[in-house]
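Residue-level listing of the chains:
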Amino acid sequence: MFCTRRLMLVLSALLILAGGTSFVLAWLSLSGSFSLTRWYFDLTFALVTLLCVVWIGFAWRSRRTTIGRIRQQLHQFEQADRIGMIMVDMDEDLTELVAEINQYLTNIEFRFEKERCEQRELLMQADVAETERHQVEAVIFSISEAVIVTNRYDELLMANQAAQDLYDFRLDLHNLSPIEQVVDDPDLLKMIKLVRQDKSRALVRLFQRTHPLSGQKLDLKVTASCVFDGQRRDIGAIMVAHDMTAESDLARLKDDFVSCVSHELKTPLSSIRGYAEMIAEGEADSPELYRKYCLIIQEQAERLNRLIDDVLNLSRLESGGVDLQLEPFDLAGAIRDVTAVLRPQAQAKSIELDIQVQSDDLTLLADRDMIYQALLNLVGNALKYSPAQQKVTIRAWQDDDAQIAIEITDQGPGIPRESLDRIFEKFYRVPENNSVAGGTGLGLYLVREIIENLHQGRIDVRSQIGLGSTFTITLPLCQPSQLLVSQN
Ligand code: ADP
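Residues numbered from 1 in each chain as written. Predicted model: local features only at pLDDT ≥ 70, side-chain atom pairs only at ≥ 80, totals over all residues.

Asks: Can you tell me about the overall build of the protein, naming the residues and giving the values?
Replies: What the protein contains, in helices and strands, is 14 helices and 12 strands. Here the protein has a C-alpha radius of gyration of 52 Å; the compact-globule value for 488 residues is 23 Å, and the former is much larger. Its C-alpha atoms give the protein principal-axis dimensions of roughly 190 × 60 × 40 Å. When burial is assessed residue by residue, the protein has 21% of its 488 residues classed as buried. (Helix = DSSP H or I, 4+ residues; strand = E, 2+ residues; numbered from the N terminus. Rg over C-alpha atoms; globule rule 2.2 N^0.38 Å. Buried ≥ 20, exposed ≤ 12 C-beta atoms within 10 Å, placed from the backbone.)

Quick look at the structure:
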């Protein structure tokens, strides 16, 4: 290999020498100054031809070898999937061409490396963007408000489960669909258009919408905002729908409560004032009349007292300021006390109060005043909502599970099925029974708080329209060990 190029040079020199000598001798012979024999010409011709053949052979072999090596190296680059330099010996043929090719390959390699760096950077940016997208998705999916995000072409980009339920669509089926084909709410679509047009930060509107799954009428507070990128170009919009139904209901109930309480306060107050004025003006001219007016005043004052108690109890329970006095007490005695207080009310409507207490040995470990208050509310309601000349039954017994059950049954108007779940809510009053008797909608709320939250018991209700209602309280029976501890 080492000699190939030099050998070629030597061969070329010999060829030139032989060719040149033959030419000079031939010329001298032709000019007559020298005479050559025929064999000499033949010999020279054969020598030159031989040298030519050897030269061509060597040149051909050398080029083939170099091309073979170049091909082999290219093949290796291809297998290793990389660009490298082609190596040939300095004295080999084609070295200039190889140098040119290497220069070209170096340029390509440089460009490839630059592109590889750019690609790596892009991949990293894509990774970061993907992670950020996952984080944003996690935040959006974790909030309870309905959230919809659109892109710059007003196509759906993201929506959490609450939004999919509220507007009845599926994100996986409608991703990147035009938002007007996904959401069937013209008000919301108008908002999106507005914020995109005005590039406004936040637009707030109140809408009503029927939930497609539950059929419930919802009060929605929708906030729509334009989304901007780092260069303050708008790249879409985001809508957040907050369900205000509970707040609106509570506000409505509170309004009802205020008007109800004012009414409830006004009625006994005006009656107290009226009868007190009559007494003061001497209109009670007989002792019977005087006594009658006094009794009315007393009764109305008690009604006022009950109302104020309800409101005070409510605020005590709400503020957590209840100091529970747990003590063993006899349930039969508490029931007797309740019926004694309510007997005049029962008599006024000729309602029979039927008390069926299993034994006088039903001992509860509870706050007596609280349980008394709960029973008073339940039996009071039974009397209040029952028509005249009916029966209210109060039963108490020990059931199998070391629990005491107390049942108050009336033959009143009953409670509609759709109101049964709601009667224990604060301020809730059954619309159908409003005309039967007044109230604040607090009594049953207080009963549930006392029984379930303060005493870990249960309150249930069964009712049939026109036939009456049964409220059942279950409370744990006081165990002998608890009795001893409390006595010590
Ligand atoms: P209120 O002060 O209005 O009586 P409650 O919380 O005690 O408030 O009761 C809530 C609602 O439940 C009442 O407004 C009434 O419509 C209904 N209700 C309660 N008890 C009875 C009952 N025994 N019979 C019929 N309806 C009842």
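On we go from here.
Asks: Give a description of the sheet that holds strand β3 (residues 203–210) that names residues and reports values.
Replies: Pairing in this open sheet of 5 strands is antiparallel, and the strands run β2-β1-β5-β4-β3 from one edge to the other. On the outer flanks of this sheet lie β2 (156–159) and β3, each paired with one strand and no other. Between one strand axis and the next, the sheet turns by 25 degrees as a mean value, whatever way the strands run. As defined by bridge partners, strand β1 (residues 146–151) adjoins β2 across 3 bridges and the pair is classed as antiparallel. Within β2, the residue paired with Ile148 across the bridge is Ala159. In this fold helix α7 (residues 186–198) packs onto β1, β3, β4 (217–228) and β5 (234–243), with an angle of close to 20 degrees to the strand it touches most, β4. (Pairing = 2+ DSSP bridges. Axes fitted to C-alpha atoms, helices over the stretch in contact; angles between N-to-C directions. Contact = placed C-beta atoms within 7 Å.)

Asks: Tell me about the environment of Arg69, residues and numbers included.
Replies: Relative to the helices and strands, Arg69 is located in helix α2 (residues 38–80). Along the sequence, Arg69 and Met87 sit 18 residues apart, while their C-alpha atoms lie 8.3 Å from each other.

Asks: Now, about helix α3 (residues 95–142): what can you tell me, with residues and values included?
Replies: Taking 1.5 Å per residue as the helical rise, α3 with its 48 residues ought to reach 70 Å, and the 69 Å between its terminal C-alpha atoms agrees with that figure. Among the 48 residues in α3, 2 count as buried, and that is only a small part of the element. (Expected span 1.5 Å × (residues − 1).)

Asks: Describe the pairing of strand β12 (residues 468–476), listing the residues and the values that go with them.
Replies: Strand direction decides the pairing type here: strand β10 (residues 403–409) and β12, joined by 7 bridges, are antiparallel. Looking at β12, one finds that Ile408 is bridged to Phe471. The antiparallel hairpin formed by strand β11 (residues 458–464) and β12 contains 3 residues in its connecting segment, where Gly466 sits at a positive phi of about 80 degrees.

The values are spatial; any link to function lies outside them.
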